[in-house]
Amino acid sequence: MRRLHIAIVGFGRLGLACAEAARNDEQIVLAGVVRRPESAQILPAPFDRIRVVSHIRELSGLDAVLVCIPAEWVRGCVHDLLQLGLPVIECARFHGEAVLEHKQAIDRWAIRFERPAVVGAGWDPGALSLMRDLFALLTPKGHTDISHRPGISLHHTTLAGSVPGVKGALSTEHRNADGQMERYVYVELADGARLEEVKAAVAADPLFGRDITTVFQVDSLAALEDEHGVLLQRHGSAGQTKHQYLMFEARLSEAALSAQMMLAAARALPGLKPRAYSLFDLPLGALWGELRKDSEQTFL
């Protein structure tokens, strides 16, 4: 299997997520990271051996460059990378007419400099766009509702101040299929605290004792609050069959899933003609790269 050599421009949350995804992808080699000269030139472990440069010219043999910088800077960066003869993947957050205009501009550069680019290859736009489109294909006449839930509707509780060893706690609640209220409590523990003792204290708390309550230990409440929730609902008809209802609900790290889509787009680059592509332009199987046959056997 030939491994693709990639570089990452920018090392914020998305850049870090791309580095983590590349580290766990057998088809990808992270050749280097491009950062501003004033930024740290040594990355934190386990990436401290990855080469850090201030200009992409300092890296060679690249199959793709993942652009992980704020959306307002993406277009200029993509232009410069294509001009240097480098294929590009980006996931800038544009929608509607804005994303079409953005793609058209990059398409002109891709043709001029004879290198392919994939735009909007993240979570939204990106993977979630494909989900919306698939639901609409299945129920052509209908409407789609989508709601985003930052922090997956978690809220802080007074549990943190009442149970020894609990640094912080978040909880959420919902009704199960039987109509009973269920609570999920996420706790970050202090050093030396025992989860079983915390569970017993939660069970004894009047606030939680009335409902079915499950306690989970997490390493970081801040990271959990960064998680994103989404609910996609499609109400429509399939031909003459009316009242079809499709639902997709997820809890996710937007950066982590965007990184996975960017790597998938990179795997699809070999063989693409010099144009700008969105995920809608690419065969789904191409996103698996050399694992395409395996994925076809698994998921068909």
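Basis of the calculations
Residues numbered from 1 in each chain as written. Predicted model: local features only at pLDDT ≥ 70, side-chain atom pairs only at ≥ 80, totals over all residues. Heavy atoms only, no water. Buried < 20%, exposed > 50% of the residue type's maximum accessible area, 1.4 Å probe, protein only. Helix = DSSP H or I, 4+ residues; strand = E, 2+ residues; numbered from the N terminus. Pairing = 2+ DSSP bridges. Axes fitted to C-alpha atoms, helices over the stretch in contact; angles between N-to-C directions. Parallel < 35°, antiparallel > 145°, perpendicular 65-115°, else oblique. Left-handed = near helix turned anticlockwise from the far one by under 90°. Contact = heavy atoms within 4.5 Å. Expected span 1.5 Å × (residues − 1). Core = buried A, V, L, I, M, F, W, Y, C linked by side-chain atoms within 4.5 Å. Salt bridge = Lys/Arg side-chain N within 4 Å of Asp/Glu carboxyl O.

A.B. asks: Go over the pairing of strand S12 (residues 228-238) with me, naming the residues and quoting the values.
C.D. replies: Of all 11 residues making up S12, nine are buried, and the element is well covered by its neighbours. In this sheet, strand S13 (residues 241-252) lies alongside S12 in antiparallel orientation, the contact comprising 10 bridges. Across the sheet, residue Gly-236 finds its bridge partner in S13, namely Gln-244. Joining the antiparallel neighbours S12 and S13 is a turn of two residues, in which Gly-239 adopts a positive phi near 65°.

A.B. asks: Could you give an account of the packing of helix H2 (residues 71-83) against helix H3 (residues 97-113), naming the residues involved and the relevant values?
C.D. replies: Closest axis-to-axis distance for the H2/H3 pair is 9 Å, and the angle between their directions is 15°. The angle between H2 and H3 falls in the class roughly parallel. In this structure, H2 crosses over H3, and the sense of that crossing is right-handed. Residues Val-74, Arg-75, Val-78, His-79, Leu-82 and Gln-83 of H2 touch H3, and the partners they reach there are Glu-101, His-102, Ala-105, Ile-106, Trp-109, Ala-110, Arg-112 and Phe-113.

A.B. asks: Describe unusual backbone geometry, naming the residues involved and giving the relevant values.
C.D. replies: Residue Pro-46 follows Ala-45 across a cis peptide bond; omega there is 10°. Position of Pro-46 relative to the elements: it lies in the loop between strand S2 (28-34) and strand S3 (52-53). The amide bond that connects Asp-124 to the next residue, Pro-125, takes the cis arrangement and shows omega of 5°. Following the sequence through the fold, Pro-125 ends up in the loop between strand S6 (117-118) and helix H4 (127-138). A positive phi is found at Glu-114, a non-glycine position, where the angle reads about 60°.

A.B. asks: So, helix H9 (residues 254-268): which residues are in play, and what are the values?
C.D. replies: If you check H9, its first and last C-alpha atoms are 21 Å apart, about what 15 residues at 1.5 Å a residue would give, namely 21 Å. The element H9 is largely enclosed, with a buried count of 12 among its 15 residues.

A.B. asks: Before we move on, can you summarise H2 with the specific residues and values?
C.D. replies: For H2, spanning 13 residues, the distance from its first C-alpha to its last is 19 Å, which sits close to the expected 18 Å at 1.5 Å a residue. If you check which residues of H2 are buried, you get Val-74, Cys-77, Val-78, His-79, Leu-81 and Leu-82. Check the buried side of H2 and you find it contacts strand S1 (4-9), strand S4 (64-67), strand S5 (88-90), H3 and S6. One or two positions beyond H2, positive phi appears at Gly-85, with a value near 85°.

A.B. asks: How would you sum up the nonpolar core? Please name residues and give values.
C.D. replies: Residues Ile-6, Ile-8, Cys-18, Leu-66, Ile-89, Val-118 and Met-262 are the most contacted members of the largest nonpolar core, which totals 46 residues. Elements with a contribution of two residues or more to this core: S1, helix H1 (13-23), S2, S4, H4, S12, S13 and H9. Among the elements that line this core, the one with the most residues is H9, at nine residues. Apart from residues no more than four positions distant in its own chain, Val-118 is found in contact with Val-88, Ile-89, Glu-90, Ala-265, Leu-269, Tyr-277, Leu-279 and Leu-282. Among the nonpolar cores identified, the runner-up in size contains 24 residues, and Val-74, Ile-106, Phe-113 and Val-119 belong to it.

A.B. asks: For the sheet that holds S1, give the residues involved together with the corresponding values.
C.D. replies: Ordered in space as S3-S2-S1-S4-S5-S6-S14, the seven strands form an open sheet in which the pairing is parallel. Since the sheet does not close on itself, it has two edges, and those belong to S3 and strand S14 (276-277), each with one partner. As paired strands, S4 and S5 are joined by three bridges and run parallel to one another. Residue Val-65 lies in a different strand from S5, and its bridge partner there is Val-88. Here H1 sits on the sheet in contact with S1, S2 and S4, set at roughly 160° to S1.

A.B. asks: Outline the pattern of salt bridges, listing residues and values.
C.D. replies: Tallying each qualifying case throughout the model produces 11 salt bridges. Here Arg-132 ties to Asp-124 by a salt bridge, and the two come within 3.4 Å at their closest N and O atoms. Since its relative accessible area comes to 24%, Arg-132 is described here as partly exposed. Relative accessible area serves as the criterion here: at 12%, Asp-124 is assigned to the buried category.

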